[in-house]
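# Coordinates in review
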Amino acid sequence: MADRQPKYPARVSRRPTFCHWTINNNPDLHVDGPQWDLAGICDLVGHYGGAHDIPGHADLDYIQLERQQPVDCIMPEWNADALGNRTPFGPSIGEENETLRGDIITDIKTTINLASEREIPKVLLFFGEKSGDDTEAQWGRIDDELPGLAAHAEDKGVVLCFEPLNSVDFGNVPLAGMRGHPGQFNSNPYDFFEHLKKFGKP
């Protein structure tokens, strides 16, 4: 990416990024506060000179080409097999089912490729939900898959970002849909740091 002429706007350092999950007008997200449609989000980003965080893949043309605004990060949009009946935070690269794990890895690599093509510097991933009863076995599968994903991302000039979501069930507390993620495999970033040391990548 560094040795070619940029085609898309880049984020200005130290300017804010605006997460589409928290400010869009999707009623399923149960966000309590101002909500905007895509044009409104672009107006907001333009007002502050910021960038977009995890917009939908279908919105990239409008954001990058029509509105000429930068996108800092995207996340996978899972195919039906990889997603199953889980939330978008659910698929795990430590998935116990080998076929399903292959679908998940494919979707992540497809997203990395898209980020590279669109000059988006980061791809956001999650540890996903628990898969099977053996925690160490799931960590082992993550350890097996992560080096290949990291190498693919590095080759494409993309940074993989992992967000450890908490696994607390907030019940009917406002914003529960955004703050509580019952069933998540790992909520502790320090556990992940220990596993990163095994293959020496930051």
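Described in the following lines is the structure provided in the data block.

Thresholds, definitions, all that
Residues numbered from 1 in each chain as written. Predicted model: local features only at pLDDT ≥ 70, side-chain atom pairs only at ≥ 80, totals over all residues. Heavy atoms only, no water. Buried < 20%, exposed > 50% of the residue type's maximum accessible area, 1.4 Å probe, protein only. Helix = DSSP H or I, 4+ residues; strand = E, 2+ residues; numbered from the N terminus. Pairing = 2+ DSSP bridges. Right-handed = clockwise from strand over helix to strand, strands pointing away. Polar contact = N/O pair within 3.5 Å; in protein donor to acceptor, adjacent residues only side chain to side chain. Contact = heavy atoms within 4.5 Å. Core = buried A, V, L, I, M, F, W, Y, C linked by side-chain atoms within 4.5 Å. Axes fitted to C-alpha atoms, helices over the stretch in contact; angles between N-to-C directions. Expected span 1.5 Å × (residues − 1). Bend = angle between axes of the 7 residues up to and from the residue.

The two faces of strand β5 (residues 159–163) differ: Leu160 and Phe162 on one face are buried, but Val159, Cys161 and Glu163 on the other face are not. As paired strands, strand β4 (residues 122–126) and β5 are joined by five bridges and run parallel to one another. Considered in β5, the bridge of Phe126 is made with Glu163. Crossover β4 to β5 through helix α6 (residues 135–156) is right-handed.

What follows concerns the side chain of Asp72. Position of Asp72 relative to the elements: it lies in strand β3 (residues 71–74). Only 3.0 Å separates the side chain of Asp72 from the side chain of Lys122, close enough to count as a polar contact. Among all residues touching Asp72, those that are not within four sequence positions of it are Arg11, Thr17, Ala51, His52, Ile120, Pro121 and Lys122.

Quick look at the environment of Leu149 now. Following the sequence through the fold, Leu149 ends up in helix α6. For Leu149, a relative accessible area of 1% puts it in the buried group. For the pair Leu149 and Ile108, spaced 41 residues apart in sequence, the C-alpha separation works out to 8.0 Å. Excluding residues that lie within four positions of it along the chain, Leu149 makes contacts with Ile93, Ile105, Ile108, Lys109, Ile112 and Leu160.

One finds Ile74, Ile93, Ile108 and Val123 to be the most contacted residues of the largest nonpolar core, which totals 29 residues. Counting residues per element, the ones that place at least two in this core are α3 (60–66), β3, α5 (98–117), β4, α6, β5 and α8 (189–196). For this core, the element with the most residues is α5, which contributes six residues. When near neighbours in sequence (up to four residues on either side) are disregarded, Val123 contacts Cys73, Ile74, Pro76, Thr111, Ile112, Ala115, Val158, Val159, Leu160 and Cys161. Core analysis: the second largest hydrophobic core is formed by eight residues, Trp21, Met75, Phe126 and Leu165 among them.

Here we take up unusual backbone geometry. One non-glycine residue, Ile54, adopts positive backbone phi at about 45°. Along the chain, Ile54 turns up in the loop between β2 (51–53) and α3. By relative accessible area, which is 9% here, Ile54 ends up buried. The backbone phi angle of Gln68 is positive, close to 55°, even though this residue is not glycine. Positionally, Gln68 belongs in the loop between α3 and β3. A relative accessible area of 48% places Gln68 in the partly exposed class.

Before going further, it helps to spend a moment on the sheet that holds β4. The strand order across the open sheet formed by five strands is β1-β2-β3-β4-β5, and the pairing between neighbours is parallel. Two strands bound the open sheet, and with one partner strand each, they are β1 (17–19) and β5. Shown here is a sheet whose adjacent strand axes are inclined to one another by a mean of 25°, direction ignored. Relative to β3, β2 runs parallel, the two being bridged by two bridges.

Let's shift gears to α6. With 22 residues, α6 ought to run about 32 Å at 1.5 Å a step, and its terminal C-alpha atoms sit 31 Å apart, in line with that. In the structure, α6 departs most strongly from a straight axis at Glu145, where the bend amounts to approximately 30° and where the proline Pro147 lies between one and four residues downstream. Listed as buried for α6 are Gln138, Trp139, Arg141, Ile142, Asp143, Leu146, Leu149, Ala150, His152 and Ala153. The backbone nitrogen of Glu136 has a side-chain oxygen 3.1 Å away, supplied by the residue at the start of α6, namely Asp134. Just beyond α6, the residue with positive phi is Gly157, at close to 75°.

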